[in-house]
Amino acid sequence: MGEDLTAADVAALFRRYAKAVADGKDLLTELDTAVGDGDHGTNLDRGMKAAVEALDADTPATPGAVFNVVGRRLVSTVGGASGALYGTAFLRAATASGDAPALSAEQVAAALRQATDGIAARGKCAAGDKTMYDVWLAATEAVESAVAGGAGLAAGLAAGAVAAAETVPRMVPWQARRGRASYLGERSVGHRDPGAVSSQVLFECLAAQATA
Amino acid sequence: MKRLYNEPDAVVDEALQGLALVHPELLRVTYRPTYVTRADAPVRGRVALVSGGGSGHEPMHTGFVGPGMLSAACPGEVFTSPTADQVEAAARAVDGGAGVLLIVKNYSGDVMNFEMAAELLAADGVATETVLVADDVAVEDSTYTSGRRGVGTTVLVEKICGAAAERGADLAAVVALGRKVCARSRSLGLALSAGTVPATGRPGFELADDEIEFGVGIHGEPGRERRPMESADALTDRALAAVLADFDAAELTGDVLLFVNGLGSATPMECAIVARRAVRTLGDRGLRVARSLVGQYMTSLDMLGVSLTVLLLDDDLARLWDDPVETAALRWGR
């Protein structure tokens, strides 16, 4: 991959993520069975398969257009909170990317920030609520700070993946305050949040794609 | 697990195909985006009622589509909210020019998807209002959580608002009525065993032979606590005590509507036994069961359990409850 993120890179990222979700479907479902209704793995798998089908049918020319296709597919095929949240995130990333032919490290950081803010707005969640937002926020801040410090795209996204991977276990002792796990009250303590884990996987795919 | 499924992935579509084939006079089913509308929609000049939610709760919501109740229902995947484009398409299909009321159960996925649909509809000039049902007393009401789940009261809101819309009430009046029903109604469910999601083939949770889940959600989410199994009467009283404790004590007088809902595997006999005790216990508390609904209306696949809902009636609510309704699952007065 070059210095900038192209449409082909973003499409490859989502293919990589779709495969990771398919491979991790059972784990996500198992995590969701403990704190929710046990469908996070199957739902996200269905959505990402549909997104990849759409990309196969017609690969868009800009990173923004790829984000748009994937976001729309997730919104229209997944349902549940995860469809709305991931869909909103990618649609916001699409808007932030505009019609740029490729995204610089700074533009990727800005798109991630818009996506993260979109999750907070759609889910009405804040830091510490023990949702996927905590992972997106930590990863985005890490990417922003690495890029501000002069890191290139690959190093910036690697920092994001590390932050995501560190955040998920840090959230385990928290009590959920938003999302379906919050209905458990104190019983949500001690569990890994399924949306946080699927978000970690996304940031790891993003970092892997940047060095591919 | 032995079940009358063909392909686990096809259960939602196949159940809808069955519903459409046996009720051609009542409803129409559209696929991709998927929604069910009453056969005579859109009805000009009448407020349209649109609800929806995950599948696996049948007959809710598709079985409540028809004159006197819902104009449209949007079934999602099993235990998964519908998508925003399903809700938007359904609302457009049934909008008769008098506005659309979205009836939403308080689960984060449902709330977000209906909210996105409402934004799309509003941007296009369709008058849209939402009534959010959050009646489950099992969830501690706290500003730090997503709030209470929407359970049995949903059926009562759909019936009563549907009657008002059929009588020609305007959107503001139907919304106000829906919020009134929510304010006067509380529910609690309990499970003796979990439902099994078709795609996974595994029960949502495991309970020992001598355990129950008290305050269970309709997706098998754990509830308030895991307790020892007791007799039907003792469990009924325990559930009613939790429901009644949540009302303002001064409100607890006069006529009520009692809704005893089977969660999928409770037999009609079990529901009747629970209803027997509930009517007596409510009577002991000075509450007369003036209206009732007993049966399987809001299920959780094959969960073995019941939910109890108490609605404080007034003349207006009782009259609207008695109004004619003609749907696959509820019909009277026509």
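Our subject is the structure listed above.
In this report, we go over the structure that sits alongside the text.

How each quantity is defined
- Residues numbered from 1 in each chain as written.
- Chains lettered and ligands numbered in written order.
- Predicted model: local features only at pLDDT ≥ 70, side-chain atom pairs only at ≥ 80, totals over all residues.
- Axes fitted to C-alpha atoms, helices over the stretch in contact; angles between N-to-C directions.
- Helix = DSSP H or I, 4+ residues; strand = E, 2+ residues; numbered from the N terminus.
- Parallel < 35°, antiparallel > 145°, perpendicular 65-115°, else oblique.
- Left-handed = near helix turned anticlockwise from the far one by under 90°.
- Contact = placed C-beta atoms within 7 Å.
- Nonpolar A, V, L, I, M, F, W, Y, C, P; charged D, E, K, R; others polar.
- Pairing = 2+ DSSP bridges.
- Core = buried A, V, L, I, M, F, W, Y, C linked by C-beta atoms within 7 Å.
- Buried ≥ 20, exposed ≤ 12 C-beta atoms within 10 Å, placed from the backbone.

**Examining the packing of helix 1 (residues 7-23) of chain A against helix 9 (residues 194-210) of chain A**
Residue and element names in this part refer to chain A. Running from N to C, helix 1 and helix 9 point in directions that differ by 135 degrees, and their axes come no closer than 9 Å. One way to sum up the angle between helix 1 and helix 9 is to call them oblique. Handedness of the helix 1/helix 9 crossing: right-handed. On helix 9, the residues touching Asp-9, Ala-12, Leu-13, Arg-16, Tyr-17, Ala-20 and Val-21 of helix 1 are Ser-198, Val-201, Leu-202, Cys-205, Leu-206, Ala-208 and Gln-209. Tallied by class, the residues present in the contact of helix 1 with helix 9 amount to 10 nonpolar, 2 polar and 2 charged.

**Here's the deal with the interface of chain A and chain B**
In this complex, chain A contributes 28 residues to the contact, which on the side of chain B involves 30 residues. Residue assignment for the side of chain A that touches chain B shows that the elements contributing at least two residues are helix 2 (25-35), helix 3 (40-57), helix 4 (63-77), helix 5 (80-97) and helix 6 (105-123) of chain A. Here the side of chain A that touches chain B takes 4 residues from helix 5 of chain A, the largest share from any one element. A breakdown of the residues in the side of chain A that touches chain B according to their chemical character gives 6 nonpolar, 15 polar and 7 charged.

**Details of the sheet that holds strand 9 (residues 225-228) of chain B**
Residue and element names in this part refer to chain B. Overall, mixed pairing links the 6 strands, which are arranged 9-8-7-12-10-11 in an open sheet. If you trace the sheet from one side to the other, it starts and ends with strand 9 and strand 11 (287-295), each paired once. The sheet shows a mean angle of 20 degrees between the axes of neighbouring strands, direction not considered. Note: strand 7 (residues 185-193) against strand 12 (residues 304-312), 8 bridges, orientation antiparallel. For Leu-188, the partnering residue across the bridge sits in strand 12 and is Leu-308.

**With respect to the sheet that holds strand 5 (residues 100-105) of chain B**
Residue and element names in this part refer to chain B. The strand order 1-2-4-3-5-6 describes an open sheet built from 6 strands, whose pairing is mixed. Of all strands in the sheet, those with a lone pairing partner are strand 1 (27-30) and strand 6 (128-133), marking the two edges. When the angles between neighbouring strand axes are averaged without regard to direction, this sheet yields 20 degrees. Against the sheet, helix 5 (residues 171-183) contacts strand 5 and strand 6, and its axis sits at roughly 5 degrees relative to strand 6.

**Points about the nonpolar core**
Within the largest apolar cluster, 179 residues are counted, with the highest numbers of intra-cluster contacts made by Phe90(A), Val50(B), Ala72(B), Leu101(B) and Ile160(B). If one sorts the elements of this core by residue count, helix 7 (residues 132-148) of chain A sits on top with 11 residues. Leaving out residues up to four positions away in the same chain, Leu101(B) has contacts with Val47(B), Leu49(B), Glu129(B), Val131(B), Cys161(B), Leu171(B), Val174(B), Val175(B) and Gly178(B).

**A look at the pairing of strand 7 of chain B**
Residue and element names in this part refer to chain B. With 9 of its 9 residues buried, strand 7 lies for the most part within the structure. For strand 7 and strand 8 (residues 211-214), the ladder comprises 2 bridges, and the chain directions are antiparallel. By the bridge assignment for strand 8, Ala-191 is matched with Glu-213.

Don't take any of this as a statement about function, it's just geometry.
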